Amino acid sequence: FRPESRISEPTRRRILASARRLKYVPNLAARNLRHGSPRLLGVLVTDITNPFWARMAREVEITAQKLGYAVIIAESQWEAEREVAHIQRMIQDRARGMVVCFCERSDEGAVLLRKHGMPHVALDTVPSFYRGAYVCNDLACAGRLAAEHLVQTGRRRPVLLLPGQDHGHRFSSLGRLRAGFGRTLQQARVGFGNRQVFDAGWTIPDGLAAFGAVQKAMSDADSVLCANDLCALGVVEAADRAGLRVGEDLAVIGIDNLPVSDLSRLSLTSIRQPDAALAELATRELIGAIEDGRAVNIRRKLKPELVVRSSTRGMVAS
């Protein structure tokens, strides 16, 4: 009941009691038709099963709720068709804005958002075709931090595991990671070229399989940077099965700093990305622009942090 309702208090109590007994649920869709656009945001990520994107989706929802907005969460599963379909549905559901992690298979999703004037912020990565608002990780800096650490610990034969063409990914942020990693190694006079980049997905089994390929093609590799912690944990397992001592014979670095990476049995060196800060900043900026009736114009890259653990501590630079 609205505060200005003319219904008497006794009648109000009887109606509420009946609603509780009948387990009545308000029809928000009907309410929105009467009162205008709902306070609703869409959140689209690539893979909700990946802990990194799951954490960011949760943080968007937490921040949105604090600001009086509900959230619809969907995943593209790295498919352009799904991405476009979810964006269309959220437009039809009259969402007032979207936080989007583009799969980067096509620009159709971004074009659709612009066409319908949907306020939005790109989260985590900035596709080459994208010209709008974004809040993302500085993956070039992440590559630099990893390379500097490997050089400082005496590693001279590094490899890089990235989801690439074999896994159907062309994520622009991974290109920036590779550029920052390679440039820093070359500046330190550590050789790095295409033969040291191997295709791997985002999962533990992907890391296991990819390290097998590394051993066949570059058996003298002494260090590995992986695109995320799950892949790195797969490398750790594969190295252990091969009789290598992680941290001594082989240094391993992941990205995301998942809680499991801090367990003493794993102790994985990782690049901590400010996922909660990314999601909160993107959500606050989006809602602020919606409420003020202005364009979303934020363009920010947040810096990562290297967290050193046992998986890279075994060797000391000479």
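Given the structure is predicted, the values throughout are model-derived calculations rather than measurements. (Residues numbered from 1 in each chain as written. Predicted model: local features only at pLDDT ≥ 70, side-chain atom pairs only at ≥ 80, totals over all residues. Heavy atoms only, no water.)

Enquirer: Is there a simple way to explain the pairing of strand β3 (residues 97-100) in this structure?
Expert: Walk down a regular strand and you will see the side chains alternate between the two sheet faces. Burial along β3 is two-sided: Gly-97 and Val-99 facing one way and Met-98 and Val-100 facing the other are all buried. Pairing between strand β1 (residues 40-45) and β3: four bridges, direction parallel. By the bridge assignment, Leu-41 is partnered in β3 with Gly-97. Pairing geometry for β3 and strand β4 (residues 120-124), over three bridges, is parallel. Across the sheet, the residue bridging to Met-98 is His-120, located in β4. Crossover connection from β3 via helix α5 (residues 108-115) to parallel β4: handedness right-handed. (Buried < 20%, exposed > 50% of the residue type's maximum accessible area, 1.4 Å probe, protein only. Helix = DSSP H or I, 4+ residues; strand = E, 2+ residues; numbered from the N terminus. Pairing = 2+ DSSP bridges. Right-handed = clockwise from strand over helix to strand, strands pointing away.)

Enquirer: Can you walk me through helix α9 (residues 229-241) in this structure?
Expert: For an α-helix, 3.6 residues make a turn, and residues three or four places apart therefore share a direction. For α9, built from 13 residues, the straight-helix expectation of 18 Å at 1.5 Å per residue is met to within 8% by its first-to-last C-alpha distance of 18 Å. Looking at α9, one finds that the buried residues are Asp-229, Leu-230, Cys-231, Ala-232, Leu-233, Gly-234, Val-235, Val-236, Ala-238 and Ala-239. Tucked into the core, α9 has its buried residues touching α3 (51-66), β6 (158-162), α8 (204-217), β8 (223-226), β9 (251-255) and β10 (269-272). Just beyond α9, the residue with positive phi is Gly-243, at close to 85 degrees. (Expected span 1.5 Å × (residues − 1). Contact = heavy atoms within 4.5 Å.)

Enquirer: Sorry, what's going on with the sheet that holds strand β11 (residues 299-302) here?
Expert: Adjacent strands of a sheet pair through backbone hydrogen bonds, lying either parallel or antiparallel. Pairing is parallel across the open sheet formed by six strands, whose spatial order is β2-β1-β3-β4-β5-β11. One side of each edge strand has no neighbouring strand; the edge strands of this open sheet are β2 (70-75) and β11. Taken pair by pair, the neighbouring strands of this sheet meet at an average axis angle of 15 degrees, ignoring direction. The pairing of β1 with β2 spans six bridges and is classified as parallel. Within the sheet, the bridge partner assigned to Val-43 lies in β2 and is Ile-73. Sitting on the sheet, helix α4 (residues 80-92) touches β1, β2 and β3, and the angle it makes with β2 is about 160 degrees. (Axes fitted to C-alpha atoms, helices over the stretch in contact; angles between N-to-C directions.)

Enquirer: Explanation requested: the sheet that holds strand β12 (residues 305-307) in the structure shown.
Expert: Taken together, the six strands give an open sheet; going across it, the order is β7-β6-β8-β9-β10-β12, and neighbouring strands pair in mixed fashion. This sheet does not close on itself; its edge strands, each paired only once, are β7 (197-199) and β12. Taking each pair of neighbouring strands and ignoring which way they run, the sheet shows an average axis angle of 20 degrees. Across three bridges, the pairing between β10 and β12 is antiparallel. If you follow Ser-270 over to β12, its bridge partner there is Val-307. Across the sheet, helix α6 (residues 139-152) is in contact with β6, β8, β9, β10 and β12; its angle to β9 comes to roughly 165 degrees. The strands that helix α7 (residues 172-187) touches are β6, β7, β8 and β9; relative to β6, the one it contacts most, it runs at about 175 degrees.

Enquirer: Whenever I open this one, the environment of Leu-278 confuses me. Can you help?
Expert: Structurally, the position occupied by Leu-278 is in helix α10 (residues 275-292). Residue Leu-278 is classed as buried on the basis of its relative accessible area of 0%. Not counting chain neighbours up to four residues away, the residues in contact with Leu-278 comprise Met-56, Leu-123, Val-135, Cys-136, Asn-137 and Leu-302.

Enquirer: Sorry if this is basic, but what is going on with the confidence of the model for the protein here?
Expert: Interpretation of this model should avoid reading the predicted coordinates in detail wherever pLDDT is low. The share of residues in the protein with pLDDT of 70 or more is 90%, and the mean pLDDT across the chain is 89. A low-confidence stretch, residues 32-36 (pLDDT under 50), is modelled with five contacts involving residues beyond four sequence positions or located in other chains. (pLDDT = per-residue confidence, 0-100.)

Enquirer: Got a minute to help me understand the nonpolar core in this structure?
Expert: The nonpolar side chains of soluble globular proteins are, as a tendency, buried together. Ranked by size, the top nonpolar core spans 56 residues in total, and within it Leu-41, Trp-53, Val-121, Leu-177, Phe-181 and Leu-225 carry the most contacts. Breaking this core down by element, the ones donating at least two residues are β1, α3, β4, α6, β6, α7, β9 and α10. Leaving out residues up to four positions away in the same chain, Leu-177 has contacts with Leu-139, Ala-140, Ala-142, Gly-143, Leu-162, Leu-225 and Ile-255. In this structure, Leu-161, Ala-210, Ala-221 and Leu-233 belong to the second largest nonpolar core, which totals 21 residues. (Core = buried A, V, L, I, M, F, W, Y, C linked by side-chain atoms within 4.5 Å.)

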